[in-house]
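Observations on chain architecture
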Amino acid sequence: MRPPQRSTSAPASRRAAPRPRRSSQEDFLADVLAGLARRPPSLPSRYFYDGRGSRLFQWITNLPGYYLTRVEREILEAHADEVVAPLRGRPCTVVDLGAGDGHKTVLILRALAGPGAALVYAPVDVSPAALAEACRGVAAAVPGVAARPVRATWATALERLAADGGDEAARLVLFLGSSIGNLEHEEARGVLRGLRRALRPGDHVLVGFDLVKPLEVLRGAYDDPQGLTRAFNLNLLARMNRELGADFDLGAYRHVATWDPERPAMESWLESTRAQSVHLGPRTVRLAEGERIQTEISCKYTPAQLGAFAADAGFAEVARYADARGWFVDALWRVAP
Ligand code: AVI
């Protein structure tokens, strides 16, 4: 997360000249070059989600093998009423940290909606198109909910939430879909601590965790015979070609999904099928035949880890809701007074 801005008391003459703010394109290039300089080389998975990447992910969520969305939906269909019980009857803002599936959010909003309910829906996303679609879907499915879209990264949205002192509505933050699994554990702890700092006593968060399960199920989710996950992975290279003027040859990479039992996590890679050079901004990157670029981790959790995440960030666990097979958990946490 971006560190908070500090004010400085140094006299103007001794203050360093303000560094010009980097554009998002410059950030993108800097992040990509830093990742490719690592061993093994890697690319930040947050750049998957341009317009085409978001659409591909949406299609992935409907694949028979991609169980995550289906089982989390099953959980919320069964338990949305219990999830919202601590908040019902109070003015409430539902902050949605971009799970990408309006259906799950609608289940929560419907459970909270009712005559006289003062309900605000605040989706967070960097893409205006994604925000517009989320707001349209909610307006059609749950009339009477006021939409307050936030076009920002998670970090910026949390900073704004923390600064938002005037609004007395209770907050329910949805962090669904095991999006947390795309972060290294330390990074995930940082996001959860940031979330805790942004909230007030009585606010709640609902966090989706995908659990460890048989390997053939995991492989089926991250390497589908339809080739959508491959297309999702390759779209990252296509995006760099389009936006950064890179010259990745999309035909010279193959999608590989592996299991890391240590973390534990599924990992997505793009494997170079021949020795090649890629030009990216000021740099030439060389890849050997068979060399892999890591594009994503999708951490899987054991139930014991969930309590530790809550405690580390300073949340009190309220309940855990699991699907019938015990594949996925939505954990409800509260900001203790
Ligand atoms: C968004 N995120 C939780 C997905 C996942 O399962 O890690 C992204 C994804 N990657 C490949 N398929 C789906």
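Everything here concerns the structure above.
This report concerns the structure included in the present document. (Residues numbered from 1 in each chain as written. Predicted model: local features only at pLDDT ≥ 70, side-chain atom pairs only at ≥ 80, totals over all residues. Heavy atoms only, no water.)

**A look at the overall build of the chain**
Heads up, the rule is: Secondary structure elements are taken from DSSP: a helix is a run of H or I of four residues or more, a strand is a run of E of two residues or more, and numbering for both begins at the N terminus. Note on method: radius of gyration uses C-alpha positions; expected globular size equals 2.2 Å times residues raised to 0.38. Here the open area of atoms and residues is found with the Shrake-Rupley method and a 1.4 Å probe, where only the protein chains shown may cover a residue. Charge assignment in this entry is limited to Lys and Arg as positive and Asp and Glu as negative, and neither His nor the chain termini are counted. A single reference atom marks each charge: NZ on Lys, CZ on Arg, CG on Asp, CD on Glu.
A count of helical and extended segments in the chain gives 10 helices and 13 strands. At 21 Å, the chain has a C-alpha radius of gyration in line with the 20 Å of a compact globule built from 337 residues. Here the chain has roughly 16,000 Å² of accessible surface; of this, 53% comes from carbon and sulfur atoms. Each charge sign in the chain was given a centre, from 43 positive and 39 negative side chains, and these centres are 6 Å apart.

**Side note on unusual backbone geometry**
Omega for the bond connecting R39 with P40 falls within 30 degrees of zero, at 0°, which places this linkage in the cis form. Looking at the element boundaries, P40 is found in the loop between α1 (24–36) and α2 (51–60). The peptide bond linking R263 to P264 adopts the cis configuration, its omega dihedral lying at -20°. Within the secondary structure layout, P264 lies in the loop between β7 (253–260) and β8 (265–272). The backbone phi angle of S178 is positive, close to 60°, even though this residue is not glycine.

**Concerning the sheet that holds β7**
How we decide: Should DSSP find at least two bridges between two strands, the strands are regarded as paired. Fitted lines through C-alpha atoms give the axes, limited to the stretch in contact for helices. The angle between two N-to-C directions lies from 0 to 180 degrees. The contact criterion used is simple: two residues touch if any of their non-hydrogen atoms lie within 4.5 Å.
The three strands are arranged β7-β8-β11 in an open sheet whose pairing can be described as antiparallel. Whereas interior strands pair on both sides, the edge strands pair on one side only; in this sheet they are β7 and β11 (292–299). Across the sheet, the mean angle separating the axes of adjacent strands is 20° when strand polarity is ignored. Here seven bridges tie β8 to β11, and the two strands are oriented antiparallel to one another. What sits directly across from W269, in β11, is Q294. Packed on one face of the sheet, helix α9 (residues 228–244) meets β7, β8 and β11 and runs near 115° to β7.

**Things to note about the pattern of salt bridges**
The cut-off we apply is this: The rule for a salt bridge is simple: a side-chain nitrogen of Lys or Arg has to be within 4 Å of a carboxyl oxygen of Asp or Glu. Accessibility here uses a 1.4 Å probe with only protein chains present; expressed as a share of the type maximum, an area under 20% marks a residue as buried, one over 50% as exposed, and anything in between as partly exposed.
For the coordinates displayed, the defined rule picks out 18 salt bridges. Note that D203 and R171 form a salt bridge whose closest N and O atoms lie 3.1 Å from each other. Of the two residues, D203 sits in the loop between α7 (185–198) and β6 (204–210) while R171 sits in strand β5 (residues 170–175), which places them 32 residues apart along the sequence. Neither residue differs from the other here; D203 and R171 are each classed as buried. Each of E184, D260, R263 and E267 takes part in salt bridges that share partners, so that together they form one network.

**What to know about the site of the ligand**
Where we set the bar: If a single non-hydrogen atom of a residue is within 4 Å of a molecule or strand, that residue counts as near it. By the criterion applied in these results, polar contacts are pairs of N or O atoms within 3.5 Å in which, for protein atoms, one can donate a hydrogen and the other can accept it, and in which residues neighboring in sequence qualify only through two side-chain atoms. Put simply, Ala, Val, Leu, Ile, Met, Phe, Trp, Tyr, Cys and Pro go in the nonpolar bin, Asp, Glu, Lys and Arg in the charged bin, and everything else, Gly too, in the polar bin.
Around the ligand lies a shell formed by Y49, F57, Y66, G177, S178, S179, N182, Y222, T229, F232, E296 and S298. Here a nitrogen atom of the ligand sits 2.6 Å away from a polar atom, N or O, in the side chain of E296. Protein chains shield 97% of the accessible area of the ligand, which is 340 Å² for the free molecule. Put simply, the parts of the chain that give the shell around the ligand at least two residues each are α9 and β11. Tallied by class, residues from the shell around the ligand come to five nonpolar, six polar and one charged.

**Looking at helix α5 (residues 128–141)**
The condition is simple: One fewer than the residue count of a helix, multiplied by 1.5 Å, yields its expected span. This arc is taken over the directions from the axis of the helix to the C-beta atoms.
Taking 1.5 Å per residue, 14 residues should reach 20 Å; α5 reaches 20 Å between its end C-alpha atoms and fits that length. Along α5, the positions that sit buried rather than exposed are L131, C135 and V138. For α5, the buried positions fall inside an angular range of 70° around the axis, keeping them on one side. Every exposed residue of α5 that faces more than 90 degrees away from the buried side is listed here: A129, E133, R136 and A140.

**A few points about the nonpolar core**
This is how the line gets drawn: We define a nonpolar core as any set of buried Ala, Val, Leu, Ile, Met, Phe, Trp, Tyr and Cys residues linked to one another through side-chain atoms lying within 4.5 Å.
Ranked by size, the top nonpolar core spans 66 residues in total, and within it I108, M240, Y253 and L280 carry the most contacts. Among the elements that make up this core, the one with the highest residue count is helix α3 (residues 67–84) (eight residues). Discounting chain neighbours no more than four positions away, the residues touching L280 are L29, V32, L33, L36, L244, A246, F248 and V285. Counting 36 residues, the second-largest nonpolar core is a separate cluster that includes A122, A152, L211 and W333.

**Observations regarding the environment of P214**
Looking at the secondary structure, you find P214 in the loop between β6 and α8 (215–222). Taking relative accessible area as the criterion, P214 reaches 41% and is therefore assigned partly exposed. For the pair P214 and P264, spaced 50 residues apart in the sequence, the C-alpha separation amounts to 12 Å.

**Quick notes on the packing of aromatic side chains**
This is how the line gets drawn: Here is the rule: rings of Phe, Tyr and Trp (six-membered ring for Trp) pair when centre to centre is within 6.5 Å. Planes less than 30 degrees apart are stacked, more than 60 are edge-to-face, and the remainder are tilted. Only when the NZ atom of a Lys or the CZ atom of an Arg is both within 6 Å of the ring centre and within 35 degrees of the ring normal do we say a charge sits over the ring.
Counting across every chain of the model gives 16 aromatic pairs. Note on F57 and Y66: the rings are 6.2 Å apart at their centroids and 85° apart in plane angle, and the pair reads as edge-to-face. Residue classification places F57 among the buried positions, given a relative accessible area of 17%. Here F315 and W333 contribute two aromatic rings whose centre-to-centre distance is 5.5 Å and whose plane-to-plane angle is 35°, an arrangement assigned as tilted. A residue pair is termed long-range when its members are at least 10 positions apart, and F315 in strand β12 (residues 315–322) and W333 in strand β13 (residues 328–335) qualify at 18 residues. Comparing F315 with W333 shows no difference in burial state: the two are buried. Among the aromatic residues, those joined into a cluster by ring pairs are F48, Y49, F57, Y66, Y222 and F232. The residue whose ring lies beneath R239 is F28, and the NZ or CZ to ring-centre distance is 4.9 Å. Positioned above the aromatic ring of W327, the side-chain terminus of R325 is 3.9 Å from the ring centre.

Geometry only, nothing functional implied.
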